[in-house]
Amino acid sequence: MSAISEDYDAVVIGAGFSGLYMLYKLREMGLRTRAYEAGEGVGGAWYWNRYPGARCDSESYFYCFSFSDELLQEWTWSERFPAQPEIERYLNFAADRLNLRPDIQFNTRVTAAIYDEATMRWTVETSAGDRVSARYVVSAIGGLTTANLPDIPGIKDFRGEWYHTGQWPKHEVDFAGKRVGVIGTGSTGTQLIPVVASKAAALTVFQRTPAYIMPARNAPLDPEFVEDVKANYPEIWRKAKASRGGMPFDPPVLDFDDVSEEEARRLYEEAWERGGVRVLQVFKDVYSNPKSNEFAAEFFRSKVRQIVKDPATAEILSPKGYPVGAKRVALDTNYYETFNLPHVRVVDVKATPISRITPEGIRVGDTDHPLDMIIFATGYDAVTGSFRAIDVRGRGGVRLADRLEEGPRSYLGLGFAGFPNLLTVNGPCNPALSTNVPVSIEHDVEWIADCIAYLEKNRIKAIEPTEEAEEAWVRNTQELVEGTIFEQADSWQFGSNVPGKPRRFLLWLGGHSAFREKCAEVAGAGYEGFALTS
Ligand code: NA7
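Residues numbered from 1 in each chain as written. Predicted model: local features only at pLDDT ≥ 70, side-chain atom pairs only at ≥ 80, totals over all residues. Heavy atoms only, no water.

**Student:** Help me out: how do you make sense of the site of the ligand in this one?
**Tutor:** In the neighbourhood of the ligand, 17 residues make up the surrounding shell, with Thr 188, Arg 208, Thr 209, Lys 327 and Arg 328 lying closest. With respect to the ligand, the backbone of Gly 186 contributes an N or O atom lying 3.5 Å from an oxygen atom. Between Lys 327 and the ligand, the recorded distance is 2.8 Å, taken from a side-chain N or O atom to an oxygen atom. Residues of the shell around the ligand, tallied by class, amount to 6 nonpolar, 8 polar and 3 charged. (Near = heavy atom within 4 Å. Polar contact = N/O pair within 3.5 Å; in protein donor to acceptor, adjacent residues only side chain to side chain. Nonpolar A, V, L, I, M, F, W, Y, C, P; charged D, E, K, R; others polar.)

So this is what it looks like as C-alpha coordinates:
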(Lines give C-alpha, C1' and ligand atoms only; values in the text may rest on other atoms or scores of the structure.)
Protein backbone atom coordinates (compact mmCIF):
# COMPACT_ATOMS: atom_id res chain seq x y z
CA MET A 1 0.00 0.00 0.00
CA SER A 2 1.37 3.41 -0.95
CA ALA A 3 2.25 5.93 1.76
CA ILE A 4 0.04 8.85 2.64
CA SER A 5 1.14 11.73 0.45
CA GLU A 6 -0.71 14.65 2.05
CA ASP A 7 -2.41 15.53 5.32
CA TYR A 8 -5.41 17.75 4.78
CA ASP A 9 -7.78 19.24 7.28
CA ALA A 10 -10.68 18.30 5.06
CA VAL A 11 -11.48 16.39 1.91
CA VAL A 12 -14.60 17.20 -0.08
CA ILE A 13 -15.95 14.56 -2.45
CA GLY A 14 -17.51 16.13 -5.55
CA ALA A 15 -17.50 19.54 -7.25
CA GLY A 16 -21.13 20.18 -8.09
CA PHE A 17 -23.23 22.82 -6.33
CA SER A 18 -22.52 21.18 -2.93
CA GLY A 19 -18.83 20.49 -3.34
CA LEU A 20 -18.04 23.95 -4.68
CA TYR A 21 -19.77 25.77 -1.84
CA MET A 22 -18.39 23.37 0.79
CA LEU A 23 -14.85 23.91 -0.49
CA TYR A 24 -15.41 27.67 -0.42
CA LYS A 25 -16.68 27.59 3.18
CA LEU A 26 -13.94 25.33 4.50
CA ARG A 27 -11.24 27.36 2.83
CA GLU A 28 -12.78 30.55 4.19
CA MET A 29 -12.41 29.00 7.66
CA GLY A 30 -8.72 28.50 6.99
CA LEU A 31 -8.87 24.72 6.66
CA ARG A 32 -6.51 23.06 4.19
CA THR A 33 -9.03 21.40 1.92
CA ARG A 34 -8.87 19.23 -1.18
CA ALA A 35 -11.86 18.49 -3.38
CA TYR A 36 -11.88 15.48 -5.68
CA GLU A 37 -14.12 15.40 -8.72
CA ALA A 38 -14.65 12.46 -11.06
CA GLY A 39 -15.56 14.69 -14.00
CA GLU A 40 -13.22 16.67 -16.16
CA GLY A 41 -14.90 19.85 -14.96
CA VAL A 42 -17.17 21.21 -12.25
CA GLY A 43 -20.93 20.65 -12.27
CA GLY A 44 -21.69 17.27 -10.72
CA ALA A 45 -25.17 16.24 -11.88
CA TRP A 46 -25.00 19.16 -14.33
CA TYR A 47 -21.74 17.87 -15.72
CA TRP A 48 -22.89 14.30 -16.31
CA ASN A 49 -26.46 14.96 -17.43
CA ARG A 50 -25.52 16.63 -20.69
CA TYR A 51 -28.11 14.75 -22.73
CA PRO A 52 -29.90 16.80 -25.40
CA GLY A 53 -32.80 18.69 -23.87
CA ALA A 54 -31.46 18.56 -20.29
CA ARG A 55 -33.00 21.43 -18.43
CA CYS A 56 -33.82 22.39 -14.87
CA ASP A 57 -37.41 22.27 -13.59
CA SER A 58 -36.72 25.09 -11.12
CA GLU A 59 -36.74 28.63 -12.47
CA SER A 60 -33.26 29.96 -13.11
CA TYR A 61 -33.47 33.04 -10.91
CA PHE A 62 -33.67 30.89 -7.80
CA TYR A 63 -31.69 27.89 -9.04
CA CYS A 64 -28.36 29.35 -7.98
CA PHE A 65 -26.22 30.27 -4.99
CA SER A 66 -27.78 32.85 -2.71
CA PHE A 67 -24.79 33.40 -0.42
CA SER A 68 -22.81 35.78 -2.61
CA ASP A 69 -24.21 39.09 -3.72
CA GLU A 70 -21.41 39.35 -6.29
CA LEU A 71 -22.44 36.09 -7.93
CA LEU A 72 -26.10 37.12 -7.88
CA GLN A 73 -25.43 40.50 -9.44
CA GLU A 74 -22.76 39.51 -11.94
CA TRP A 75 -24.50 36.48 -13.42
CA THR A 76 -27.51 36.92 -15.70
CA TRP A 77 -29.70 33.97 -16.65
CA SER A 78 -31.03 33.94 -20.18
CA GLU A 79 -34.09 31.67 -19.88
CA ARG A 80 -36.90 30.95 -17.44
CA PHE A 81 -35.77 27.30 -17.12
CA PRO A 82 -32.02 27.03 -17.61
CA ALA A 83 -30.63 24.36 -19.92
CA GLN A 84 -27.72 22.14 -18.89
CA PRO A 85 -25.04 24.11 -20.83
CA GLU A 86 -26.05 27.34 -19.10
CA ILE A 87 -26.03 25.76 -15.62
CA GLU A 88 -22.65 24.21 -16.35
CA ARG A 89 -21.39 27.65 -17.47
CA TYR A 90 -22.82 29.17 -14.29
CA LEU A 91 -21.01 26.68 -12.06
CA ASN A 92 -17.78 27.29 -13.97
CA PHE A 93 -18.31 31.01 -13.49
CA ALA A 94 -18.82 30.49 -9.74
CA ALA A 95 -15.73 28.25 -9.49
CA ASP A 96 -13.62 30.90 -11.23
CA ARG A 97 -15.10 33.89 -9.42
CA LEU A 98 -14.42 32.18 -6.07
CA ASN A 99 -11.04 30.91 -7.29
CA LEU A 100 -11.89 27.32 -6.32
CA ARG A 101 -10.15 25.47 -9.14
CA PRO A 102 -6.66 25.31 -7.56
CA ASP A 103 -8.05 23.13 -4.77
CA ILE A 104 -10.05 20.75 -6.98
CA GLN A 105 -8.46 17.67 -8.48
CA PHE A 106 -10.45 16.69 -11.58
CA ASN A 107 -10.71 13.32 -13.35
CA THR A 108 -10.32 11.77 -9.92
CA ARG A 109 -12.91 9.54 -8.28
CA VAL A 110 -12.71 8.90 -4.55
CA THR A 111 -12.65 5.12 -4.30
CA ALA A 112 -12.29 4.65 -0.54
CA ALA A 113 -12.46 6.52 2.74
CA ILE A 114 -11.28 4.53 5.76
CA TYR A 115 -11.48 5.80 9.34
CA ASP A 116 -8.61 5.14 11.68
CA GLU A 117 -9.84 5.07 15.28
CA ALA A 118 -6.35 5.47 16.75
CA THR A 119 -5.47 8.68 14.90
CA MET A 120 -9.10 9.82 14.48
CA ARG A 121 -8.36 10.60 10.85
CA TRP A 122 -9.68 9.43 7.52
CA THR A 123 -7.51 7.92 4.81
CA VAL A 124 -8.93 8.80 1.41
CA GLU A 125 -7.95 6.89 -1.72
CA THR A 126 -8.65 7.88 -5.29
CA SER A 127 -8.77 6.42 -8.78
CA ALA A 128 -5.71 8.53 -9.61
CA GLY A 129 -3.67 6.65 -6.98
CA ASP A 130 -3.77 9.37 -4.30
CA ARG A 131 -3.69 8.29 -0.68
CA VAL A 132 -4.25 11.25 1.60
CA SER A 133 -5.31 11.80 5.16
CA ALA A 134 -7.95 14.20 6.48
CA ARG A 135 -9.60 15.06 9.76
CA TYR A 136 -12.95 15.73 8.10
CA VAL A 137 -14.51 14.19 5.02
CA VAL A 138 -17.51 15.90 3.50
CA SER A 139 -19.51 13.93 0.99
CA ALA A 140 -20.96 16.20 -1.67
CA ILE A 141 -21.76 13.39 -4.10
CA GLY A 142 -25.41 14.20 -4.78
CA GLY A 143 -28.37 11.87 -4.60
CA LEU A 144 -28.92 11.30 -8.31
CA THR A 145 -25.50 10.19 -9.50
CA THR A 146 -25.44 6.41 -9.82
CA ALA A 147 -27.07 5.51 -13.12
CA ASN A 148 -29.81 2.89 -13.00
CA LEU A 149 -29.07 0.70 -15.99
CA PRO A 150 -31.78 -1.96 -16.05
CA ASP A 151 -30.61 -5.52 -16.17
CA ILE A 152 -32.37 -6.39 -19.42
CA PRO A 153 -31.07 -9.64 -20.93
CA GLY A 154 -29.01 -9.22 -24.09
CA ILE A 155 -27.83 -5.67 -23.47
CA LYS A 156 -24.22 -6.62 -24.18
CA ASP A 157 -25.15 -8.11 -27.55
CA PHE A 158 -26.66 -4.93 -29.00
CA ARG A 159 -24.69 -3.95 -32.10
CA GLY A 160 -25.75 -0.31 -32.22
CA GLU A 161 -24.78 2.61 -29.99
CA TRP A 162 -26.26 2.94 -26.53
CA TYR A 163 -26.18 5.65 -23.89
CA HIS A 164 -27.48 6.37 -20.41
CA THR A 165 -28.67 9.95 -20.01
CA GLY A 166 -26.86 10.34 -16.67
CA GLN A 167 -23.49 9.49 -18.26
CA TRP A 168 -23.90 11.31 -21.52
CA PRO A 169 -20.65 11.67 -23.50
CA LYS A 170 -19.08 15.07 -24.11
CA HIS A 171 -18.88 14.50 -27.87
CA GLU A 172 -21.92 15.16 -29.99
CA VAL A 173 -24.20 12.16 -30.46
CA ASP A 174 -25.56 12.11 -33.98
CA PHE A 175 -29.18 10.99 -34.36
CA ALA A 176 -29.54 11.90 -38.03
CA GLY A 177 -30.86 9.08 -40.19
CA LYS A 178 -30.97 6.70 -37.21
CA ARG A 179 -33.70 4.59 -35.66
CA VAL A 180 -33.55 5.51 -32.00
CA GLY A 181 -35.21 3.81 -29.04
CA VAL A 182 -35.69 5.60 -25.72
CA ILE A 183 -36.49 3.62 -22.57
CA GLY A 184 -37.95 5.75 -19.80
CA THR A 185 -40.42 8.61 -19.62
CA GLY A 186 -39.60 10.37 -16.33
CA SER A 187 -38.36 13.98 -16.18
CA THR A 188 -35.37 13.03 -18.30
CA GLY A 189 -37.19 11.11 -21.04
CA THR A 190 -39.76 13.89 -21.24
CA GLN A 191 -37.02 16.43 -21.99
CA LEU A 192 -34.99 14.21 -24.29
CA ILE A 193 -37.70 12.72 -26.50
CA PRO A 194 -38.76 15.88 -28.42
CA VAL A 195 -35.12 16.76 -29.17
CA VAL A 196 -34.27 13.26 -30.43
CA ALA A 197 -37.46 13.22 -32.49
CA SER A 198 -36.45 16.44 -34.21
CA LYS A 199 -33.31 14.77 -35.58
CA ALA A 200 -33.78 11.00 -35.78
CA ALA A 201 -35.20 9.06 -38.74
CA ALA A 202 -37.48 7.15 -36.40
CA LEU A 203 -38.07 7.22 -32.66
CA THR A 204 -39.66 4.48 -30.59
CA VAL A 205 -40.42 5.31 -26.97
CA PHE A 206 -40.66 2.39 -24.56
CA GLN A 207 -42.92 3.59 -21.76
CA ARG A 208 -43.53 1.68 -18.54
CA THR A 209 -45.38 4.30 -16.49
CA PRO A 210 -46.86 7.42 -18.07
CA ALA A 211 -45.80 10.49 -16.11
CA TYR A 212 -47.96 13.46 -15.23
CA ILE A 213 -46.41 16.15 -17.39
CA MET A 214 -47.10 19.85 -17.50
CA PRO A 215 -45.85 22.56 -19.80
CA ALA A 216 -42.69 24.40 -18.81
CA ARG A 217 -43.58 27.43 -20.96
CA ASN A 218 -39.90 28.12 -21.15
CA ALA A 219 -38.98 31.51 -22.62
CA PRO A 220 -36.14 34.02 -22.68
CA LEU A 221 -36.13 36.22 -19.60
CA ASP A 222 -37.29 39.76 -20.01
CA PRO A 223 -34.51 42.25 -19.00
CA GLU A 224 -36.97 44.15 -16.80
CA PHE A 225 -37.82 40.95 -14.91
CA VAL A 226 -34.10 40.24 -14.44
CA GLU A 227 -33.51 43.76 -13.11
CA ASP A 228 -36.42 43.42 -10.73
CA VAL A 229 -35.17 40.06 -9.47
CA LYS A 230 -31.65 41.39 -8.91
CA ALA A 231 -33.03 44.28 -6.90
CA ASN A 232 -35.18 41.98 -4.76
CA TYR A 233 -32.95 39.04 -3.99
CA PRO A 234 -32.99 39.44 -0.18
CA GLU A 235 -36.77 39.08 -0.15
CA ILE A 236 -36.70 36.24 -2.72
CA TRP A 237 -34.32 34.20 -0.57
CA ARG A 238 -36.17 35.03 2.63
CA LYS A 239 -39.33 33.59 1.09
CA ALA A 240 -37.58 30.55 -0.40
CA LYS A 241 -35.97 29.66 2.92
CA ALA A 242 -39.25 30.04 4.79
CA SER A 243 -41.09 27.74 2.37
CA ARG A 244 -41.65 23.99 2.24
CA GLY A 245 -40.14 23.59 -1.19
CA GLY A 246 -37.27 26.07 -1.14
CA MET A 247 -39.01 28.21 -3.75
CA PRO A 248 -40.00 31.87 -3.30
CA PHE A 249 -43.70 31.30 -3.88
CA ASP A 250 -46.74 31.88 -1.74
CA PRO A 251 -48.36 28.53 -0.94
CA PRO A 252 -51.88 27.91 -2.30
CA VAL A 253 -54.70 28.97 0.02
CA LEU A 254 -57.73 27.36 -1.58
CA ASP A 255 -59.16 23.92 -0.90
CA PHE A 256 -60.80 22.10 -3.80
CA ASP A 257 -64.22 22.24 -2.12
CA ASP A 258 -64.00 26.03 -1.77
CA VAL A 259 -64.89 26.50 -5.43
CA SER A 260 -67.21 25.01 -8.07
CA GLU A 261 -65.82 22.45 -10.51
CA GLU A 262 -66.17 25.00 -13.27
CA GLU A 263 -64.06 27.45 -11.31
CA ALA A 264 -61.54 24.71 -10.49
CA ARG A 265 -61.18 23.96 -14.20
CA ARG A 266 -60.73 27.65 -14.98
CA LEU A 267 -57.99 27.92 -12.33
CA TYR A 268 -56.19 24.86 -13.71
CA GLU A 269 -56.46 26.25 -17.26
CA GLU A 270 -54.91 29.50 -16.05
CA ALA A 271 -52.12 27.63 -14.26
CA TRP A 272 -51.55 25.44 -17.35
CA GLU A 273 -51.07 28.59 -19.42
CA ARG A 274 -48.51 29.95 -16.93
CA GLY A 275 -46.71 26.58 -16.84
CA GLY A 276 -44.01 25.37 -14.46
CA VAL A 277 -44.32 23.31 -11.30
CA ARG A 278 -47.01 25.56 -9.89
CA VAL A 279 -49.61 23.97 -12.16
CA LEU A 280 -49.96 21.56 -9.26
CA GLN A 281 -50.27 24.32 -6.70
CA VAL A 282 -53.77 25.51 -7.44
CA PHE A 283 -55.31 23.82 -4.38
CA LYS A 284 -53.55 23.21 -1.10
CA ASP A 285 -55.29 19.86 -0.61
CA VAL A 286 -54.22 18.30 -3.92
CA TYR A 287 -51.90 15.89 -2.06
CA SER A 288 -54.31 15.12 0.77
CA ASN A 289 -57.84 15.11 -0.67
CA PRO A 290 -58.45 12.26 -3.15
CA LYS A 291 -61.25 14.22 -4.86
CA SER A 292 -58.99 17.22 -5.37
CA ASN A 293 -56.20 14.96 -6.63
CA GLU A 294 -58.42 13.03 -9.06
CA PHE A 295 -59.77 16.28 -10.47
CA ALA A 296 -56.22 17.45 -11.17
CA ALA A 297 -55.26 14.04 -12.61
CA GLU A 298 -58.25 14.08 -14.95
CA PHE A 299 -57.38 17.62 -16.00
CA PHE A 300 -53.90 16.38 -17.01
CA ARG A 301 -55.44 13.46 -18.93
CA SER A 302 -57.82 15.81 -20.74
CA LYS A 303 -54.79 17.77 -21.94
CA VAL A 304 -53.18 14.62 -23.34
CA ARG A 305 -56.39 13.81 -25.25
CA GLN A 306 -56.55 17.39 -26.52
CA ILE A 307 -52.97 17.43 -27.83
CA VAL A 308 -52.35 13.87 -29.04
CA LYS A 309 -54.34 13.20 -32.20
CA ASP A 310 -54.35 9.40 -32.29
CA PRO A 311 -56.74 8.21 -29.53
CA ALA A 312 -54.87 4.92 -28.96
CA THR A 313 -51.56 6.80 -28.50
CA ALA A 314 -53.26 9.33 -26.22
CA GLU A 315 -54.59 6.49 -24.09
CA ILE A 316 -51.12 4.95 -23.67
CA LEU A 317 -49.63 8.34 -22.77
CA SER A 318 -52.41 9.24 -20.30
CA PRO A 319 -51.16 9.04 -16.72
CA LYS A 320 -53.24 6.73 -14.57
CA GLY A 321 -53.05 4.13 -11.83
CA TYR A 322 -51.50 6.46 -9.25
CA PRO A 323 -52.29 9.92 -7.90
CA VAL A 324 -50.76 12.99 -9.52
CA GLY A 325 -47.76 14.11 -7.46
CA ALA A 326 -47.08 10.63 -6.05
CA LYS A 327 -44.16 10.37 -8.47
CA ARG A 328 -42.27 13.47 -9.45
CA VAL A 329 -44.15 15.44 -12.09
CA ALA A 330 -42.24 16.46 -15.20
CA LEU A 331 -42.13 19.69 -17.19
CA ASP A 332 -42.18 19.52 -20.96
CA THR A 333 -41.66 21.45 -24.13
CA ASN A 334 -43.57 19.81 -27.00
CA TYR A 335 -43.58 16.34 -25.42
CA TYR A 336 -47.13 15.32 -26.30
CA GLU A 337 -46.96 17.12 -29.68
CA THR A 338 -43.98 14.92 -30.55
CA PHE A 339 -46.25 11.87 -30.66
CA ASN A 340 -48.22 13.45 -33.54
CA LEU A 341 -45.13 13.15 -35.76
CA PRO A 342 -45.33 10.29 -38.25
CA HIS A 343 -41.91 8.82 -37.33
CA VAL A 344 -42.54 8.71 -33.54
CA ARG A 345 -44.42 6.04 -31.65
CA VAL A 346 -44.86 4.80 -28.13
CA VAL A 347 -44.81 1.18 -27.01
CA ASP A 348 -46.52 0.29 -23.74
CA VAL A 349 -44.00 -1.92 -21.96
CA LYS A 350 -46.13 -2.22 -18.87
CA ALA A 351 -48.82 -4.09 -20.84
CA THR A 352 -46.15 -6.24 -22.52
CA PRO A 353 -42.69 -5.93 -20.95
CA ILE A 354 -39.40 -5.75 -22.80
CA SER A 355 -38.32 -9.39 -23.10
CA ARG A 356 -34.76 -8.79 -24.24
CA ILE A 357 -32.34 -6.65 -26.14
CA THR A 358 -31.22 -8.35 -29.34
CA PRO A 359 -28.20 -7.50 -31.51
CA GLU A 360 -30.61 -5.54 -33.74
CA GLY A 361 -32.87 -3.79 -31.26
CA ILE A 362 -35.44 -4.29 -28.51
CA ARG A 363 -37.88 -7.20 -28.29
CA VAL A 364 -41.18 -6.51 -26.55
CA GLY A 365 -43.13 -9.73 -26.03
CA ASP A 366 -42.54 -11.40 -29.42
CA THR A 367 -42.29 -8.20 -31.43
CA ASP A 368 -38.89 -6.94 -32.55
CA HIS A 369 -38.20 -3.22 -32.81
CA PRO A 370 -35.07 -2.76 -34.94
CA LEU A 371 -32.88 0.10 -33.70
CA ASP A 372 -29.55 1.78 -34.42
CA MET A 373 -29.36 3.42 -31.00
CA ILE A 374 -30.84 2.81 -27.53
CA ILE A 375 -31.01 5.58 -24.95
CA PHE A 376 -31.64 4.59 -21.35
CA ALA A 377 -33.49 7.44 -19.63
CA THR A 378 -33.98 5.06 -16.74
CA GLY A 379 -32.91 7.28 -13.86
CA TYR A 380 -30.72 6.56 -10.88
CA ASP A 381 -30.14 4.28 -7.96
CA ALA A 382 -31.07 7.32 -5.93
CA VAL A 383 -29.56 8.61 -2.69
CA THR A 384 -28.22 5.41 -1.10
CA GLY A 385 -26.90 4.18 -4.47
CA SER A 386 -24.54 7.16 -4.57
CA PHE A 387 -22.64 5.77 -1.57
CA ARG A 388 -22.30 2.27 -3.02
CA ALA A 389 -19.57 3.32 -5.42
CA ILE A 390 -17.22 4.38 -2.60
CA ASP A 391 -15.73 2.00 -0.04
CA VAL A 392 -16.47 4.03 3.09
CA ARG A 393 -15.52 2.31 6.34
CA GLY A 394 -16.10 3.78 9.76
CA ARG A 395 -15.42 2.64 13.32
CA GLY A 396 -14.80 -1.09 13.61
CA GLY A 397 -14.35 -1.32 9.84
CA VAL A 398 -18.11 -1.14 9.29
CA ARG A 399 -18.94 -0.42 5.63
CA LEU A 400 -21.35 2.42 5.00
CA ALA A 401 -22.74 0.63 1.95
CA ASP A 402 -23.67 -2.32 4.20
CA ARG A 403 -25.39 0.00 6.67
CA LEU A 404 -27.44 1.41 3.78
CA GLU A 405 -28.31 -1.99 2.32
CA GLU A 406 -31.46 -2.28 4.45
CA GLY A 407 -32.63 1.20 3.50
CA PRO A 408 -31.77 4.87 3.98
CA ARG A 409 -30.09 5.70 7.31
CA SER A 410 -28.55 8.83 8.69
CA TYR A 411 -29.24 11.56 11.19
CA LEU A 412 -30.74 14.59 9.40
CA GLY A 413 -29.10 13.42 6.19
CA LEU A 414 -25.98 15.11 7.56
CA GLY A 415 -24.06 12.35 9.31
CA PHE A 416 -23.94 8.61 10.02
CA ALA A 417 -23.66 6.81 13.37
CA GLY A 418 -20.32 5.00 13.44
CA PHE A 419 -18.67 7.38 10.97
CA PRO A 420 -17.01 10.18 12.97
CA ASN A 421 -16.28 13.44 11.16
CA LEU A 422 -17.88 12.18 7.95
CA LEU A 423 -20.47 14.78 7.14
CA THR A 424 -22.74 14.67 4.16
CA VAL A 425 -24.57 17.29 2.17
CA ASN A 426 -28.09 16.08 1.27
CA GLY A 427 -27.57 12.52 2.49
CA PRO A 428 -30.26 9.85 3.02
CA CYS A 429 -33.38 10.98 4.93
CA ASN A 430 -32.79 14.62 4.00
CA PRO A 431 -35.43 16.81 2.33
CA ALA A 432 -33.21 18.26 -0.44
CA LEU A 433 -34.44 16.20 -3.38
CA SER A 434 -38.04 17.13 -2.66
CA THR A 435 -37.15 20.84 -2.80
CA ASN A 436 -35.41 23.40 -4.98
CA VAL A 437 -32.07 21.70 -4.43
CA PRO A 438 -29.54 24.60 -4.34
CA VAL A 439 -31.40 26.21 -1.42
CA SER A 440 -31.23 22.93 0.50
CA ILE A 441 -27.59 22.45 -0.45
CA GLU A 442 -26.68 25.88 0.88
CA HIS A 443 -28.42 25.10 4.14
CA ASP A 444 -26.60 21.81 4.63
CA VAL A 445 -23.22 23.26 3.65
CA GLU A 446 -23.62 26.16 6.06
CA TRP A 447 -24.76 23.84 8.84
CA ILE A 448 -21.74 21.57 8.27
CA ALA A 449 -19.36 24.57 8.15
CA ASP A 450 -20.79 25.92 11.43
CA CYS A 451 -20.51 22.48 12.97
CA ILE A 452 -16.85 22.14 11.99
CA ALA A 453 -16.16 25.68 13.26
CA TYR A 454 -17.76 24.68 16.59
CA LEU A 455 -15.57 21.57 16.83
CA GLU A 456 -12.44 23.54 16.02
CA LYS A 457 -13.26 26.31 18.47
CA ASN A 458 -14.07 23.91 21.31
CA ARG A 459 -11.18 21.55 20.57
CA ILE A 460 -13.55 18.67 19.94
CA LYS A 461 -11.83 15.97 17.96
CA ALA A 462 -14.80 14.08 16.58
CA ILE A 463 -18.54 14.24 16.06
CA GLU A 464 -20.95 11.51 15.01
CA PRO A 465 -24.67 10.90 15.43
CA THR A 466 -25.71 8.57 18.23
CA GLU A 467 -27.37 5.31 17.16
CA GLU A 468 -30.53 6.41 19.02
CA ALA A 469 -30.77 9.79 17.28
CA GLU A 470 -30.16 8.21 13.90
CA GLU A 471 -32.72 5.48 14.53
CA ALA A 472 -35.33 8.05 15.62
CA TRP A 473 -34.68 10.16 12.51
CA VAL A 474 -34.96 7.13 10.23
CA ARG A 475 -38.25 6.25 11.94
CA ASN A 476 -39.51 9.80 11.59
CA THR A 477 -38.62 9.79 7.88
CA GLN A 478 -40.79 6.71 7.34
CA GLU A 479 -43.60 8.00 9.59
CA LEU A 480 -43.84 11.21 7.59
CA VAL A 481 -44.60 9.31 4.40
CA GLU A 482 -47.19 7.00 5.98
CA GLY A 483 -50.70 7.67 4.75
CA THR A 484 -49.52 10.10 2.05
CA ILE A 485 -50.10 9.71 -1.67
CA PHE A 486 -46.41 8.91 -2.15
CA GLU A 487 -47.20 5.44 -0.85
CA GLN A 488 -49.53 4.88 -3.77
CA ALA A 489 -46.83 4.81 -6.46
CA ASP A 490 -43.63 3.01 -7.30
CA SER A 491 -40.94 5.67 -7.57
CA TRP A 492 -37.23 6.25 -7.17
CA GLN A 493 -38.11 8.08 -3.94
CA PHE A 494 -39.17 4.65 -2.62
CA GLY A 495 -36.30 2.85 -4.33
CA SER A 496 -38.80 0.86 -6.40
CA ASN A 497 -37.00 1.56 -9.69
CA VAL A 498 -34.06 -0.62 -8.66
CA PRO A 499 -34.84 -4.33 -8.40
CA GLY A 500 -34.11 -5.66 -4.90
CA LYS A 501 -33.82 -2.22 -3.28
CA PRO A 502 -35.86 -2.14 -0.07
CA ARG A 503 -39.07 -0.15 -0.33
CA ARG A 504 -38.17 2.62 2.10
CA PHE A 505 -38.72 6.32 1.50
CA LEU A 506 -35.40 8.05 0.84
CA LEU A 507 -36.39 11.64 1.59
CA TRP A 508 -37.53 13.49 4.70
CA LEU A 509 -40.92 14.98 3.88
CA GLY A 510 -41.24 17.63 6.60
CA GLY A 511 -40.31 20.44 4.20
CA HIS A 512 -37.40 22.80 3.88
CA SER A 513 -38.32 25.41 6.51
CA ALA A 514 -39.14 22.84 9.20
CA PHE A 515 -35.87 21.10 8.45
CA ARG A 516 -33.95 24.35 8.85
CA GLU A 517 -35.61 24.86 12.23
CA LYS A 518 -34.84 21.33 13.37
CA CYS A 519 -31.16 21.59 12.35
CA ALA A 520 -30.83 24.98 14.06
CA GLU A 521 -32.32 23.51 17.24
CA VAL A 522 -29.90 20.58 17.13
CA ALA A 523 -26.90 22.90 16.73
CA GLY A 524 -28.24 25.36 19.30
CA ALA A 525 -28.47 22.59 21.89
CA GLY A 526 -24.75 21.79 21.49
CA TYR A 527 -25.34 19.27 18.67
CA GLU A 528 -28.07 17.28 20.29
CA GLY A 529 -28.21 13.71 19.02
CA PHE A 530 -24.51 13.74 18.21
CA ALA A 531 -21.72 12.28 20.35
CA LEU A 532 -18.76 14.64 20.68
CA THR A 533 -15.28 13.37 21.56
CA SER A 534 -12.73 15.80 22.99
P1 NA7 B 1 -36.90 8.51 -13.23
O2 NA7 B 1 -37.81 9.56 -12.76
O3 NA7 B 1 -36.50 7.44 -12.28
O4 NA7 B 1 -37.54 7.88 -14.53
C5 NA7 B 1 -37.00 6.72 -15.12
C6 NA7 B 1 -37.90 6.22 -16.22
O7 NA7 B 1 -37.35 5.01 -16.72
C8 NA7 B 1 -39.30 5.90 -15.72
O9 NA7 B 1 -40.21 6.16 -16.76
C10 NA7 B 1 -39.19 4.40 -15.47
O11 NA7 B 1 -40.42 3.72 -15.48
C12 NA7 B 1 -38.33 3.98 -16.62
N13 NA7 B 1 -37.67 2.70 -16.38
C14 NA7 B 1 -36.77 2.39 -15.41
N15 NA7 B 1 -36.39 1.10 -15.53
C16 NA7 B 1 -37.09 0.60 -16.56
C17 NA7 B 1 -37.14 -0.68 -17.16
N18 NA7 B 1 -36.41 -1.69 -16.68
N19 NA7 B 1 -37.97 -0.86 -18.22
C20 NA7 B 1 -38.72 0.15 -18.68
N21 NA7 B 1 -38.71 1.40 -18.17
C22 NA7 B 1 -37.90 1.61 -17.11
O23 NA7 B 1 -35.53 9.13 -13.77
P24 NA7 B 1 -35.28 10.52 -14.52
O25 NA7 B 1 -33.87 10.49 -14.97
O26 NA7 B 1 -36.32 10.77 -15.52
O27 NA7 B 1 -35.46 11.59 -13.39
C28 NA7 B 1 -34.79 11.45 -12.15
C29 NA7 B 1 -34.83 12.73 -11.40
O30 NA7 B 1 -33.87 13.62 -11.96
C31 NA7 B 1 -36.11 13.48 -11.44
O32 NA7 B 1 -37.05 13.03 -10.52
C33 NA7 B 1 -35.65 14.88 -11.16
O34 NA7 B 1 -35.53 15.08 -9.77
C35 NA7 B 1 -34.32 14.97 -11.81
P36 NA7 B 1 -41.24 3.54 -14.08
O37 NA7 B 1 -41.78 4.91 -13.79
O38 NA7 B 1 -40.22 3.10 -13.05
O39 NA7 B 1 -42.25 2.53 -14.37
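**Student:** Looking at this structure, how should I read the sheet that holds strand S14 (residues 361-364)?
**Tutor:** Backbone hydrogen bonds hold the strands of a sheet together, and the pairing may be parallel or antiparallel. Pairing is antiparallel in the open sheet, where 3 strands are placed in the order S13-S14-S15. Two strands lie at the open edges of the sheet, namely strand S13 (354-358) and strand S15 (367-370), each paired on one side alone. Each adjacent strand pair in this sheet contributes to an overall mean axis angle of 20°, direction not counted. Strand direction decides the pairing type here: S14 and S15, joined by 4 bridges, are antiparallel. From the neighbouring strand, Gly 361 faces S15, where its bridge partner is Pro 370. (Pairing = 2+ DSSP bridges. Helix = DSSP H or I, 4+ residues; strand = E, 2+ residues; numbered from the N terminus. Axes fitted to C-alpha atoms, helices over the stretch in contact; angles between N-to-C directions.)

**Student:** What exactly am I supposed to notice about the sheet that holds strand S8 (residues 179-183) here?
**Tutor:** Spatially, S7-S16-S8-S9-S12 is the arrangement adopted by the 5 strands of the open sheet, whose pairing is parallel. Looking along the sheet, the strands with just one partner apiece sit at the ends: strand S7 (161-164) and strand S12 (344-348). Geometrically, the sheet is characterised by an average inter-axis angle of 20° between neighbouring strands, direction not taken into account. By the bridge criterion, 4 bridges tie S7 to strand S16 (residues 373-376) in an arrangement that is parallel.

**Student:** I would appreciate a short explanation of the layout of surface pockets in the present structure.
**Tutor:** Empty space left among the atoms is revealed by rolling a probe the size of a water molecule over them. A volume near 280 Å³ is recorded for the second largest pocket. Lining the second largest pocket are 18 residues; nearest its centre among them are Arg 50, Tyr 51, Pro 52, Gly 53 and Trp 168. When grouped by side-chain class, the residues that make up the lining of the second largest pocket number 9 nonpolar, 3 polar and 6 charged. (1 Å grid on protein atoms, 1.4 Å probe; cavity = no way out; pocket = protein on both sides within 12 Å on 5 of 7 lines; lining within 4 Å. Points joined across faces, edges and corners; volume = space filled by probe spheres on them.)

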